[in-house]
Amino acid sequence: MPVIIVSSDLYRTGRDIAESAAGVLGYDLVGREILGKIAEKYGLPEAKLTQALDEGPSFLRRSSKLRHRYLAYIQEGTLFELRKGNVVCQGLAAHLYVLGVSHVLRVRILSDTEKRAGDLAAERNISPNKAKRLLDREKKSHQRWSMEAFQLDETDPSHYDLVISLSQIDSTEAVKIIRETASYPRFKPMTYSLHCMEDLVLSSRVKALLWERFPGIRVRADRGTLVIETAALKREKDKKAKAIKELAGKIPGVEYVEVHVVNHIFRPGPRSFR
Amino acid sequence: MAIITISRGSYSKGKEVAEKVADRLGYQCLSRDVILEASDLYHIPEIKLVKAIHDAPSVLDRLSGGKRAYIAYYKSALTRLVRTDNIVYHGLAGHLLLKGVPHVLKVRIIADLADRVRNEMKQENISEQEARSMILKDDQERRKWTLSLYGADPWDSALYDLVIHVQKFTISNAVDFVCEAAGLEQFRTTGEAHRKMNDLALASRVKAALVGFNPDVAVTCEYGNVLVFVANPERTTRKLREKVKSLGDEIRGVNNIEVHSGTALPPDVI
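Note that the structure is predicted; figures quoted are calculated from it, not measured.

Here's the deal with the overall build of chain A
Of the regular secondary structure elements, chain A holds 9 helices and 8 strands. The globule rule puts the C-alpha radius of gyration for 274 residues at 19 Å, and the 20 Å found for chain A is close to it. The principal-axis extents of the C-alpha atoms in chain A amount to approximately 60 × 45 × 35 Å. Going through the 274 residues of chain A one by one, you find that 51% of them count as buried. Of the roughly 13,400 Å² of accessible surface on chain A, 51% is carried by carbon and sulfur atoms. Considering chain A, the positive charge centre built from 46 side chains and the negative charge centre built from 35 side chains are found 7 Å apart.

So, the sheet that holds strand β7 (residues 225–230) of chain B
Residues and elements named next belong to chain B. Overall, mixed pairing links the 3 strands, which are arranged β6-β7-β8 in an open sheet. In this open sheet, the two edge strands, each paired with only one partner strand, are β6 (218–222) and β8 (256–261). Strand-to-strand twist across the sheet, computed as the mean angle between neighbouring axes with direction ignored, equals 20 degrees. The pairing of β7 with β8 spans 6 bridges and is classified as parallel. Bridge pairing in β8 places Leu227 opposite Glu258. Of the strands in this sheet, β6, β7 and β8 touch helix α10 (residues 191–210), which is tilted by about 150 degrees from β6.

Overview of the packing of aromatic side chains
Aromatic rings considered in pairs are described by the distance between their centres and by the relative angle of their planes. Applying the stated rule across the entire model yields 9 aromatic pairs over all chains. Centroid distance Tyr42(A) to Tyr73(A): 3.9 Å. Interplanar angle 10 degrees. Geometry classified as stacked. Separated by 31 residues along the polypeptide, Tyr42(A) in helix α2 (residues 34–42) and Tyr73(A) in helix α4 (residues 64–82) bring together distant segments of the chain. The same class applies to Tyr42(A) as to Tyr73(A), namely buried. Considering the side-chain rings of Phe169(B) and Phe177(B), the 5.0 Å spacing of their centres and the 80 degrees angle between planes classify their relative orientation as edge-to-face. Under the relative-accessibility criterion, Phe177(B) is labelled buried at 6%. Ring pairing ties together the aromatic residues Tyr184(A), Phe187(A), Phe169(B) and Phe177(B), which thus form one cluster. Against the face of Tyr223(B) rests Arg195(B), its NZ or CZ located 3.9 Å from the ring centre.

Notes on the interface of chain B and chain A
Taken together, the contacts link 22 residues of chain B with 26 residues of chain A. Here chain B packs against chain A, burying approximately 2,100 Å² in sum over the two surfaces, 54% of which is carbon and sulfur. The interface formed by chain B and chain A contains 3 salt bridges. For Lys139(A), the salt bridge is made with Asp156(B), and the minimal N-O distance between the two is 3.8 Å. Applying the counting rule to chain B against chain A returns 10 residue pairs in polar contact (both at pLDDT 80 or more). If you list the elements that add at least two residues to the side of chain B that touches chain A, you get β4 (104–110), β5 (162–165) and α9 (171–182) of chain B. A breakdown of the residues in the side of chain B that touches chain A according to their chemical character gives 13 nonpolar, 4 polar and 5 charged. Bridge analysis of strand β5 (residues 162–165) of chain A against β5(B) gives 3 bridges, and the strand direction is antiparallel. Across the sheet, residue Val163(A) finds its bridge partner in β5(B), namely Val163(B).

Some remarks on the sheet that holds strand β3 (residues 87–89) of chain B
One open sheet accounts for 10 strands, arranged β2(A)-β3(A)-β1(A)-β4(A)-β5(A)-β5(B)-β4(B)-β1(B)-β3(B)-β2(B); its pairing is mixed. Either end of the sheet is taken by a strand with one partner, and the two such strands are β2 (28–30) of chain A together with β2 (28–30) of chain B. Neighbour-to-neighbour, the strand axes of this sheet turn through a mean angle of 20 degrees, independent of strand direction. The pairing of strand β4 (residues 104–110) of chain A with β5(A) spans 4 bridges and is parallel. Residue Val107(A) lies in a different strand from β5(A), and its bridge partner there is Leu162(A).

Details of the environment of Arg15(A)
All names here are of chain A. Among the secondary structure elements, Arg15 is positioned in helix α1 (residues 11–25). Spatially, the C-alpha atoms of Arg15 and Arg32 are 9.7 Å apart, while their sequence positions differ by 17 residues. The contacts of Arg15, once residues within four sequence positions are left out, are Leu29, Gly31, Arg32, Glu33 and Gln90.

A short note on the domain arrangement of chain B
Residues and elements named next belong to chain B. Per the domain assignment, the segments making up chain B are domain 1 (3–187) and domain 2 (194–261). Spacing between the C-alpha centres of domain 1 and domain 2 amounts to 27 Å. The interface of domain 1 with domain 2 comprises 20 residues on the first partner and 13 residues on the second. Across the domain 1 to domain 2 interface the summed buried area is about 1,300 Å²; carbon plus sulfur atoms make up 68%.

The rules behind these values
Residues numbered from 1 in each chain as written. Chains lettered and ligands numbered in written order. Predicted model: local features only at pLDDT ≥ 70, side-chain atom pairs only at ≥ 80, totals over all residues. Heavy atoms only, no water. Helix = DSSP H or I, 4+ residues; strand = E, 2+ residues; numbered from the N terminus. Rg over C-alpha atoms; globule rule 2.2 N^0.38 Å. Buried < 20%, exposed > 50% of the residue type's maximum accessible area, 1.4 Å probe, protein only. Areas by Shrake-Rupley, 256 points an atom, 1.4 Å probe, with all protein chains shown as cover. Lys, Arg positive; Asp, Glu negative; His and termini not counted. Charge placed at Lys NZ, Arg CZ, Asp CG, Glu CD. Pairing = 2+ DSSP bridges. Axes fitted to C-alpha atoms, helices over the stretch in contact; angles between N-to-C directions. Contact = heavy atoms within 4.5 Å. Phe/Tyr/Trp six-rings, centres within 6.5 Å; stacked < 30°, edge-to-face > 60°. Lys NZ or Arg CZ within 6 Å of the ring centre and 35° of its normal. Buried area = accessible area lost by both parts, 1.4 Å probe. Salt bridge = Lys/Arg side-chain N within 4 Å of Asp/Glu carboxyl O. Polar contact = N/O pair within 3.5 Å; in protein donor to acceptor, adjacent residues only side chain to side chain. Nonpolar A, V, L, I, M, F, W, Y, C, P; charged D, E, K, R; others polar. Domains from an automatic or database assignment.

Quick look at the structure:
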């Protein structure tokens with residue numbers, strides 16, 4: 001039951017590859033269709049979730065707190081789908097939070113920049129150089145987004161098992177490479193990797209449920225044991241720890257909760273252990 | 001059939017991948033051979049050339065253009081060697097030095113820092129701290145080198161056709177990927193691809209011959225017709241013009257050679 005995560009510099013390119021890969025492997029595709037379900041679960045407009053995935057941080061970062069809340073919901077919803085296995089996931093930034101699970105194959109697909117610049121130049125009636133500058137700006141904005149949202153640079157190849165550029169290699173070949181790679185024994189789930197996935201699912205669920213009341217919490221799960229880190233003023237330390245313990249303890253699958261309160265009022269609340 | 005360039009950081013197992021790919025495909029594996037060829041062709045001590053192409057250019061290098069001369073010699077030697085095809089090259093910036101040649105499969109092999117440190121500790125018998133600092137220094141030097149000479153970051157995946165992370169993958173898996181990609185139609189040597197490679201080799205050879213006269217000289221070649229560009233007309237010395245003229249007779253394959261000064265450079269210029 002391998003899990004394949006496809007990331008791309010261009011949503012449409014990634015989507016096409018993910019669809020084809022899911023088709024040839026007979027896997028389910030987990031894409032932005034699940035955002036509707038997540039939005040319904042948390043009582044939000046779906047557009048807010050899409051916006052949280054697409055828009056870079058604002059200059060004053062005013063919207064940062066809300067964005068992280070929405071991303072916590074997306075993370076929870078996505079991981080719930082991924083635990084089933086035999087899935088291809090795309091467009092939900094899963095490559096930035098599904099880390100440390102050996103049966104997950106992470107692939108990045110890079111679109112043909114020259115072709116994209118040419119298409120953009122023709123579409124907007126601008127020079128190819130200007131089109132390249134626009135694409136570069138777009139790339140940097142998304143890079144900033146990933147840094148702000150998950151403290152990871154999504155353009156860094158070390159976050160992927162494989163990066164395929166479509167400048168020379170065509171998409172059919174890229175799909176073939178993904179299909180063959182998914183059959184490698186390395187991507188077969190093992191008891192340990194399944195546990196790692198379950199831990200991620202649980203920590204994301206806890207984070208999503210507690211985030212609104214305790215923004216900035218960091219959650220780590222290990223076989224039912226939770227370690228939650230939060231920041232608080234000295235005088236409300238005990239009260240906060242108790243409230244978190246009480247709420248988290250009620251979540252199904254949680255056996256033990258440990259809360260670490262960071263006593264530093266100026267330190268921004270850490271976000272996630274990932 | 002194809003030219004494969006394998007870019008790698010130190011102790012990233014890229015060398016093993018390159019050797020195994022060459023072995024499986026029956027290709028020639030090149031790395032240090034290019035330095036020996038350049039040293040032989042341009043009569044430069046090997047050690048001087050190694051230092052010049054390894055270390056990032058200093059401020060003085062940038063002003064004097066000394067480093068650019070060594071790169072021109074290296075590029076000339078590399079293009080001369082890979083012209084014959086069926087080559088796996090794992091050395092300095094092959095993906096940038098052979099830019100514009102269609103049948104070049106550009107691969108980068110990466111490994112986790114912790115694994116690289118472990119490999120270096122084992123091979124060099126040094127402490128973890130020493131190994132880590134040497135690897136980071138080497139990476140930084142490579143980054144500075146490529147950024148200053150080509151304005152590109154070697155860590156940018158867009159420069160390669162394939163980036164393979166040898167963590168979950170074994171060396172054998174990486175070899176499979178590279179061999180399979182090398183067999184694709186896009187990387188077959190067509191007549192046009194061969195012509196482009198020959199033009200690049202000619203332009204590189206001309207540049208290497210002229211860089212001593214003017215480090216800012218730029219060269220392009222199409223169908224054996226070589227254009228030499230000098231940005232500043234005042235720097236177009238008589239000696240350079242004479243040398244350009246003589247090159248037309250000296251280098252086989254040059255149909256025509258001209259000097260242009262003060263004109264805009266075409267995009268494929270080297």
